[in-house]
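# A closer look at the structure
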Number of protein chains: 2
Amino acid sequence: MPRTHRKTTSSLIGEKLADFRVGVDNAIFSVDTAQNRLLVLLVMRHEEPFLGQWSLPGTLVRQGESLEDAAYRILSEKIRARNLYLEQLYTFGGPDRDPREAKDSYDVRYLSVSYFALVRFAEAELIADGVSGIAWYPVDQLPELAFDHNKILEYGHRRLRNKLEYSPVAFDVLPELFTLSDLFQLYTTVLGENFSDYSNFRSRLLKLGFLSDTGVKVSRGAGRPASLYRFDAEAFAPLKDKPLVFI
Amino acid sequence: MPRTHRKTTSSLIGEKLADFRVGVDNAIFSVDTAQNRLLVLLVMRHEEPFLGQWSLPGTLVRQGESLEDAAYRILSEKIRARNLYLEQLYTFGGPDRDPREAKDSYDVRYLSVSYFALVRFAEAELIADGVSGIAWYPVDQLPELAFDHNKILEYGHRRLRNKLEYSPVAFDVLPELFTLSDLFQLYTTVLGENFSDYSNFRSRLLKLGFLSDTGVKVSRGAGRPASLYRFDAEAFAPLKDKPLVFI
DNA sequence: CCAAAAGTGTTTGCTCTACACCCATGT
DNA sequence: ACATGGGTGTAGAGCAAACACTTTTGG
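Now for a description of the structure that goes with this document.

What counts and how
All residue numbers refer to position in the chain's written sequence, counted from 1. Whichever chain is written first is A, and whichever ligand is written first is 1; the rest continue in order. Reporting of local features is limited, given that this is a predicted model, to residues whose pLDDT is at least 70; pairs of side-chain atoms are given and counted only at 80 or more, and all residues count toward the totals for whole chains, interfaces and linings. Heavy atoms throughout the structure, all of them, feed into the side-chain values; hydrogens and water do not. Each helix corresponds to a stretch of at least 4 residues labelled H or I by DSSP, and each strand to a stretch of at least 2 residues labelled E; elements are numbered beginning at the N terminus. Any pair of nitrogen or oxygen atoms within 3.5 Å is treated as a polar contact; in protein, a donor-acceptor pairing is required on top of that, and neighbouring residues in sequence qualify only through side-chain atoms on both sides. Two residues qualify as a contact provided that any one of their heavy atoms is within 4.5 Å of a heavy atom in the partner residue. A single heavy atom is enough: if one lies within 4 Å of a molecule or strand, its residue is considered near that molecule or strand. Gly falls in the polar group here, along with every residue not listed as nonpolar (Ala, Val, Leu, Ile, Met, Phe, Trp, Tyr, Cys, Pro) or charged (Asp, Glu, Lys, Arg). Only rings of Phe, Tyr and Trp enter the pairing, Trp through its six-membered ring, and a pair is recorded when the two centres are within 6.5 Å. The plane angle decides the type: under 30 degrees is stacked, over 60 is edge-to-face, the rest tilted. To sort residues, take the accessible area from a 1.4 Å probe on protein chains only and compare it with the maximum for the residue type: under 20% means buried, over 50% means exposed, and anything in between is partly exposed.

## Examining the side chain of Ser114(A)
All names here are of chain A.
- Examined against the element boundaries, Ser114 turns out to sit in strand E7 (residues 108-119).
- There is a polar contact of 2.7 Å between the side chain of Ser114 and the backbone oxygen of Tyr90.
- Residue contacts for Ser114: discarding those within four places in its chain leaves Asp25, Gln88, Leu89, Tyr90, Phe92 and Ile152.

## A closer look at unusual backbone geometry
- The omega torsion of the bond from Glu48(A) to Pro49(A) falls at -5 degrees, within 30 degrees of zero and hence cis.
- Phi at Asn36(B) takes a positive value of approximately 55 degrees, unusual for a residue other than glycine.
- Locating Asn36(B) in the fold gives a position in the loop between strand E1 (19-32) and strand E2 (37-44).

## Here's the deal with the protein's contact with DNA strand C
- Neighbouring DNA strand C are 20 residues, the closest being Ser181(A), Ser199(A), Arg202(A), Ser227(A) and Ser199(B).
- Near the protein, meaning within 4 Å, the atoms of DNA strand C are sugar or phosphate in a fraction of 65%, with bases accounting for the rest.
- One of the side-chain nitrogen or oxygen atoms of Ser181(A) is found 2.9 Å away from a phosphate oxygen of DNA strand C.
- Taking Arg224(B), its main chain carries an N or O atom lying 3.3 Å from a base nitrogen of DNA strand C.
- When residues of the surface near DNA strand C are traced back to their parent elements, those giving at least two are helix H6 (198-208) and strand E11 (226-231) of chain A together with helix H6 (198-208) of chain B.
- Looking at the surface near DNA strand C, its residues break down into six nonpolar, nine polar and five charged.

## Description of the packing of aromatic side chains
- Applying the stated rule across the entire model yields 40 aromatic pairs over all chains.
- Ring centres 5.3 Å apart and planes at 65 degrees place the aromatic pair Trp54(B) and Tyr137(B) in the edge-to-face group. Within this pair, whereas Trp54(B) is found in strand E3 (residues 54-55), its partner Tyr137(B) is found in strand E9 (residues 134-138), the two being separated by 83 residues in sequence.
- By relative accessible area, Trp54(B) is classed as buried at 17%.
- Their ring planes at 50 degrees and their centres at 5.5 Å tell us that Phe231(B) and Phe236(B) sit as a pair that is tilted.
- Using a relative accessible area of 8% as the deciding quantity, one classes Phe236(B) as buried.
- Feature note: the residues Phe171(A), Phe178(A), Phe210(A), Phe231(A) and Phe236(A) constitute an aromatic cluster, connected by ring pairs.

In structure tokens form, the structure reads like this:
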């Protein structure tokens with residue numbers, strides 16, 4: 001494998017290696033169940049390029065820091081969230097995705113490893129550091145973002161929908177105890193109004209057998225009180241690798 | 001977003017940025033239908049570290065070259081394949097994944113953006129460049145690979161199985177005209193013996209409506225001759241974004 | 001009592017599974 | 001003729017969509 005990991009600068013024709021800056025950008029989603037909105041966390045840029053424009057929270061990777069560590073670091077610098085789900089999304093690294101590449105005489109490439117996160121909205125307290133603008137934006141009302149961040153978000157949004165359908169991410173982001181309506185509403189705000197009928201959703205989920213009824217009832221205004229359920233990780237374990245459908 | 005894309009070296013405490021070499025490594029799969037084996041392309045290393053060990057074909061990214069371009073370049077340096085499917089797999093970038101990081105005084109990080117590829121076996125002619133060892137290995141008889149390449153391959157293998165179930169990659173890798181047995185066999189070698197009954201597989205696929213019978217029959221030894229089918233891209237188009245199950 | 005929310009049940013049609021069986025060819 | 005692989009059909013189980021209905025609360 002002669003061409004892999006050759007020492008930095010090669011003198012062979014046409015083989016000049018690119019010099020990279022590696023950053024991590026996060027697509028952080030959250031569901032505001034009170035207002036039925038799917039939100040994404042944006043921060044205002046205070047530097048060139050794209051000064052004054054909204055962008056995804058990101059950072060450059062430090063020495064000794066893994067990519068995932070970097071992703072968690074940005075997240076914890078922006079919000080205080082304890083319950084969350086995070087995974088790598090995609091790596092965007094084409095040339096010309098950052099305007100600085102053109103200007104820099106040194107021909108530097110900016111590579112972005114993006115991460116996808118879903119956090120519990122109620123607990124996610126934004127950290128205002130005085131200077132930076134930081135805000136939750138509804139995904140259907142996004143402004144034009146810096147770099148290729150609109151593209152990253154679109155990609156992240158697709159991933160979110162898939163995750164919800166095929167894996168139990170929802171429970172990472174719901175409170176410990178929740179009603180089936182809470183769960184249904186979460187799915188509805190992410191997947192759209194008519195993804196399923198409530199009663200069918202309900203029986204499908206219950207049949208899977210990893211939601212345990214605590215027996216405790218809660219009343220939310222008018223209407224019959226709802227049972228509080230808990231996600232039973234043990235009961236779910238055997239299903240972990242099977243293709244699940246929560247439709 | 002003050003911490004994103006800050007100019008190279010920062011002097012703030014604990015914020016020393018990592019210096020990156022970005023490589024692309026390919027997990028290239030192929031199905032040998034004659035012998036019913038799932039193969040992966042490995043190359044022998046002729047440099048330290050891991051000299052004399054097998055590894056995934058990889059390269060460092062050049063100036064002006066996109067990640068995907070780099071992936072295609074390695075591929076075309078190793079095999080002459082015209083029909084293939086390729087997509088990004090995952091980015092491995094933790095510290096300590098490359099032993100050179102420890103030795104280099106300069107604290108360089110080696111980041112690997114891995115790509116997943118599926119190529120048509122019959123056409124994939126290996127390019128022996130005299131020096132390098134290069135070979136197809138059955139995925140169930142892998143040697144110990146350099147770096148974290150075993151992990152990458154495992155990840156790629158999982159992706160392959162998913163791709164086959166939910167997307168029409170198989171048709172990128174089958175000949176223009178194929179029998180339903182060819183298709184079934186491809187699925188069997190990748191997903192395992194008992195993923196489905198032939199007759200059910202058959203009717204499910206045909207009902208989807210994007211396989212058109214050419215009427216031409218081929219005889220392979222004994223037994224009734226089989227119809228040659230063609231993948232009808234137009235008929236498939238409307239199904240593109242729907243969740244398909246080829247199980 | 002009525003509206004609202006939670007929870008149950010039923011009907012209809014379809015898909016999945018598992019086989020059994022027929023068809024066309026080489027030897 | 002018979003083994004071999006290709007292709008068709010079917011009965012039963014289970015699931016999903018749609019919707020009607022009951023239960024329990026607040027006002």
